Amino acid sequence: MPDDLPVVVLIGAPGAGKTRLGKRIARLLDVPFIDTDKRIVAEHGPIAQIFEEHGEPRFRQIEREHVARALGEHAVVALGGGAVLDEDTQRDLADRLVVQLSVSAEAVAKRISGDRRPLVTGVDAWSALVATRRPVYDRLADRTFDTSSLPLDRIAADVVSWIQETTND
Ligand SMILES: Nc1ncnc2c1ncn2[C@@H]1O[C@H](COP(=O)(O)OP(=O)(O)O)[C@@H](O)[C@H]1O
Ligand SMILES: O=C(O)C1=C[C@@H](OP(=O)(O)O)[C@@H](O)[C@H](O)C1
Ligand SMILES: [Mg+2]
């Protein structure tokens, strides 16, 4: 894998586990971990506040800048769930190794209760959001791993094995 490209990019629904699993996958592979949302928050403050004060389009603009930068770094990169809506990001992801993390509505319900994500106000809102995005996630992903029922460590190990098989070909 070239030094200036991500080892893997994680995409998928909010609550699928991109942030948590990304951290574990990076640790197992001994490479840096980048969560684009974390960088956005460090620079601009809480995501809910950006949405409130400047609106979603401004958040997507800021997000695109951070995604573009992260996609040029050697790391495990976890994107926010809506980052793939950007057409430039879709183009960029076409030649990166991309893993989609998926989760069922039943499993996500527990994970998103009391959530601070502005677009995820409940399971119905989550389901509607994911239904519109699913074709994009599916089109961009080289492989999908479901996170609904297995423990995080097991999924991280499965993703790492797959990355190693794929990149050793
Ligand atoms: N495989 C899993 N089993 C149980 N809980 C999980 C699993 N993956 C993620 N979670 C939980 O779901 C919540 C959302 O995970 P997070 O990594 O923030 O998702 P994302 O970044 O995809 O929105 C966290 O509380 C996390 O602990
Ligand atoms: O799905 C979305 O549009 C969003 C998902 C969040 O990230 P996670 O998918 O990591 O929760 C975060 O980027 C923001 O609240 C918007
Ligand atoms: Mg996340």
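Residues numbered from 1 in each chain as written. Chains lettered and ligands numbered in written order. Predicted model: local features only at pLDDT ≥ 70, side-chain atom pairs only at ≥ 80, totals over all residues.

Student: Help me out: how do you make sense of the overall build of the chain in this one?
Tutor: Across its full length, the chain carries 8 helices and 5 strands. Listing every helix and strand of the chain by position from the N terminus yields β-α-β-α-α-α-β-α-β-α-α-β-α. In summary, the chain has a C-alpha radius of gyration of 15 Å against a globular reference of 15 Å for 169 residues, a match within 12%. Projecting the C-alpha coordinates of the chain onto the three principal axes gives extents of approximately 45 × 35 × 25 Å. Excluding contacts between residues fewer than 6 apart, the proportion of contacts in the chain whose partners are at least 24 apart in sequence is 74%. (Helix = DSSP H or I, 4+ residues; strand = E, 2+ residues; numbered from the N terminus. Rg over C-alpha atoms; globule rule 2.2 N^0.38 Å. Contact = placed C-beta atoms within 7 Å.)

Student: Please explain unusual backbone geometry as it appears in this structure.
Tutor: Trans peptide bonds make up most of the peptide bonds, and negative phi angles are found at most residues other than glycine. For Asp 30, which is not glycine, the phi torsion reads 60 degrees and is therefore positive. You can see Asp 30 is positioned in the loop between helix H1 (18–29) and strand E2 (33–35).

Student: It is not clear to me how the nonpolar core should be interpreted in this structure. Could you clarify?
Tutor: As a rule of thumb, nonpolar side chains are buried together in soluble globular proteins. Within the largest apolar cluster, 36 residues are counted, with the highest numbers of intra-cluster contacts made by Leu 10, Val 77 and Leu 79. Contributions of two or more residues to this core are made by strand E1 (8–12), H1, strand E3 (76–78), strand E4 (98–102), helix H6 (105–112), helix H7 (123–140) and helix H8 (152–167). Those residues in contact with Leu 10 that lie beyond four places of it in its chain are Lys 18, Leu 21, Gly 22, Val 77, Ala 78, Leu 79, Val 99 and Leu 101. (Core = buried A, V, L, I, M, F, W, Y, C linked by C-beta atoms within 7 Å. Buried ≥ 20, exposed ≤ 12 C-beta atoms within 10 Å, placed from the backbone.)

Student: Would you explain the site of ligand 2 in this entry?
Tutor: Looking at ligand 2, the residues that line it are Pro 14, Lys 18, Thr 19, Asp 37, Ile 47, Gly 80, Gly 81, Gly 82, Arg 117, Pro 118 and Leu 119. The residue makeup of the shell around ligand 2, split by class, is 4 nonpolar, 4 polar and 3 charged. (Near = placed C-beta within 6 Å. Nonpolar A, V, L, I, M, F, W, Y, C, P; charged D, E, K, R; others polar.)

Student: Help me understand the pairing of E1, please; the structure alone is not making it clear to me.
Tutor: Look at any regular strand and the pattern is simple: side chains alternate between the two faces of the sheet. Extensive coverage of E1 is indicated by the burial of 5 of its 5 residues. Where burial is concerned, the two faces of E1 agree: the one with Val 8, Leu 10 and Gly 12 and the one with Val 9 and Ile 11 are both buried. Pairing of E1 with E3, which is carried by 3 bridges, proceeds in the parallel orientation. Note that in E3 the partner of Val 8 across the bridge is Val 76. As defined by bridge partners, E1 adjoins E4 across 4 bridges and the pair is classed as parallel. (Pairing = 2+ DSSP bridges.)

Student: Mind showing me how you'd approach the environment of Arg 20 here?
Tutor: With respect to the helices and strands, Arg 20 occurs in helix H1. Residues Arg 20 and Asp 35, 15 residues apart in the sequence, show an inter-C-alpha distance of 9.6 Å.

Student: What is the right way to read the environment of Lys 38 from this model?
Tutor: Within the secondary structure layout, Lys 38 lies in helix H2 (residues 36–44). Remark: the alpha-carbon pair of Lys 38 and Thr 19, spanning 19 residues in sequence, is separated by 9.2 Å.

Student: Hey, could you run me through the UniProt feature "binding site: ATP" (unreviewed entry) in the chain in this one?
Tutor: Under the UniProt annotation, the feature "binding site: ATP" (unreviewed entry) is placed at Gly 15, Ala 16, Gly 17, Lys 18, Thr 19, Arg 20 and Arg 117. Secondary-structure assignment places Ala 16 in the loop between E1 and H1. Look at Ala 16 and you get buried, because 26 C-beta atoms sit within 10 Å. Contact partners of Ala 16, with chain neighbours within four places excluded, come to Leu 101, Ser 102, Val 103 and Thr 147. Following the sequence through the fold, Arg 117 ends up in the loop between H6 and H7. (UniProt positions renumbered as here; feature names shortened; annotations may be inferred.)

Student: Is there a simple way to explain the site of ligand 1 in this structure?
Tutor: In the vicinity of ligand 1, the residues found are Pro 14, Gly 15, Ala 16, Gly 17, Lys 18, Thr 19, Arg 20, Arg 111, Thr 147, Leu 150, Leu 152 and Ile 155. Contributing elements (two or more residues each) for the shell around ligand 1: H1 and H8. Broken down by element, the residue count for the shell around ligand 1 peaks at 3 residues, all from H1. Among the residues forming the shell around ligand 1, the class breakdown is 5 nonpolar, 4 polar and 3 charged.

Student: Explain the pairing of E4 here, please?
Tutor: Among the 5 residues in E4, 5 count as buried, and that is most of the element. Two strands pair when backbone bridges link them, and E4 and strand E5 (residues 143–146) are joined in this way by 4 bridges, in the parallel orientation. Paired with Val 99 across the strands is Arg 143, a residue of E5.

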